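Each chain is listed here by its residues.
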Amino acid sequence: MKFPAKAATGPGCPECGSEEKRFPPGREGQYHVFCEQCGYDFGRYDSLVNDYKHILDDLEHKLGIDHAPLDERGKPVQGQ
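In this text the structure is predicted, and so the values were computed from the model without any measurement.

A.B. asks: Would you mind showing me how to read the side chain of K21 here?
C.D. replies: By the element assignment, K21 lies in strand β2 (residues 20-22). Although K21 lies buried, it forms no salt bridge, and the closest oppositely charged side chain, E19, sits 6.5 Å away as judged by the N-O distance. In terms of polar contacts, K21 uses its side chain to reach the backbone carbonyl oxygen of E19, at 3.4 Å.

A.B. asks: Hey, could you run me through the packing of aromatic side chains in this one?
C.D. replies: For any pair of aromatic rings, the description rests on two quantities: the centre-to-centre distance and the angle between the ring planes. As enumerated under the stated definition, the model contains one aromatic pair in all. Measuring from ring centre to ring centre gives 5.1 Å for Y40 and F42, while their planes differ by 85°; the resulting arrangement is edge-to-face. It is K21 that lies over the ring of F42; its NZ or CZ is 4.8 Å from the centre.

A.B. asks: Honestly, the confidence of the model for the chain in this entry has me stumped. Any pointers?
C.D. replies: In regions of low pLDDT, the predicted coordinates are not meant to be interpreted in detail. Considering every residue of the chain, the mean pLDDT works out to 75; 75% of them sit at 70 or more. Here strand β1 (residues 6-8) stands out as the element of the chain with the lowest mean pLDDT, 52, in contrast to strand β3 (residues 32-35), whose mean of 86 is the highest.

A.B. asks: When you look at the state of the cysteines in this model, what are you seeing that I'm missing?
C.D. replies: Chemically, a disulfide is nothing more than a covalent bond linking the sulfur atoms of two cysteines. Under the criterion given, the structure shown has zero disulfides. Unpaired in terms of disulfides, C16 finds its nearest cysteine sulfur in C35, a separation of 3.6 Å. Free of any disulfide, C38 has its nearest cysteine sulfur in C13, 3.7 Å distant.

A.B. asks: Would you take a moment to explain the pattern of salt bridges for this structure?
C.D. replies: Two side chains of opposite charge can pair, provided their charged atoms sit close to one another. Throughout the structure, instances matching the rule amount to one salt bridge. With a closest N to O distance of 3.7 Å, E36 and R22 form a salt bridge. With a gap of 14 residues between them, E36 in the loop between β3 and β4 (41-44) and R22 in strand β2 connect regions that are remote in the sequence. By relative accessible area, R22 is classed as partly exposed at 31%.

The rules behind these values
Position numbers for residues count from 1 along each chain, tracking the sequence in the order it is written. Whole-chain, interface and lining totals are the exception, using all residues; otherwise, since this is a predicted model, local features are given only for residues with pLDDT of at least 70 and side-chain atom pairs are given and counted only at 80 or more. Side-chain numbers here rest on the full set of heavy atoms in the structure, without hydrogens or water. The numbering of helices and of strands both runs from the N terminus, where a helix is a DSSP run of H or I of at least 4 residues and a strand a run of E of at least 2. Burial classes: relative accessible area under 20% of the type maximum marks a residue as buried, over 50% as exposed, and values in between as partly exposed (1.4 Å probe, protein chains only). Neither His nor the chain termini are counted; the positive set is Lys and Arg, and the negative set is Asp and Glu. By convention in these notes, a salt bridge is any Lys or Arg side-chain nitrogen within 4 Å of a carboxyl oxygen on Asp or Glu. In the analysis that follows, any N or O atom pair within 3.5 Å is treated as a polar contact, provided that within protein one partner can donate a hydrogen and the other can accept it, and provided that, for residues neighboring in sequence, both atoms belong to side chains. Stacked, edge-to-face and tilted labels apply to pairs of Phe, Tyr and Trp rings (six-membered ring for Trp) whose centres lie within 6.5 Å, assigned for plane angles under 30 degrees, over 60, and everything in between, in that order. Two conditions define a charge sitting above a ring: the NZ of Lys or the CZ of Arg must be within 6 Å of the ring centre, and it must be within 35 degrees of the ring normal. pLDDT is defined as a per-residue confidence score from the predictor, taking values between 0 and 100. Note on terminology: pairs of cysteine sulfur atoms within 2.5 Å are recorded as disulfides.

Next comes the structure, spelled out in structure tokens:
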């Protein structure tokens, strides 16, 4: 899996407020996410993803929406 060099996503950096992140090269699942502007370390990529999943799960629950179907590896099923 390849990650973009930077991506504009939330939440903003607590140091400078920038929403651009940098994903340096590394082993899959071992990436640390850094602020593109000031270099703030958001921690491991998988931890950041888990934070977003929690927010998305809460929103889906409030809206009464079921999760997208996942395959045995936890990846979204295409074409459904």
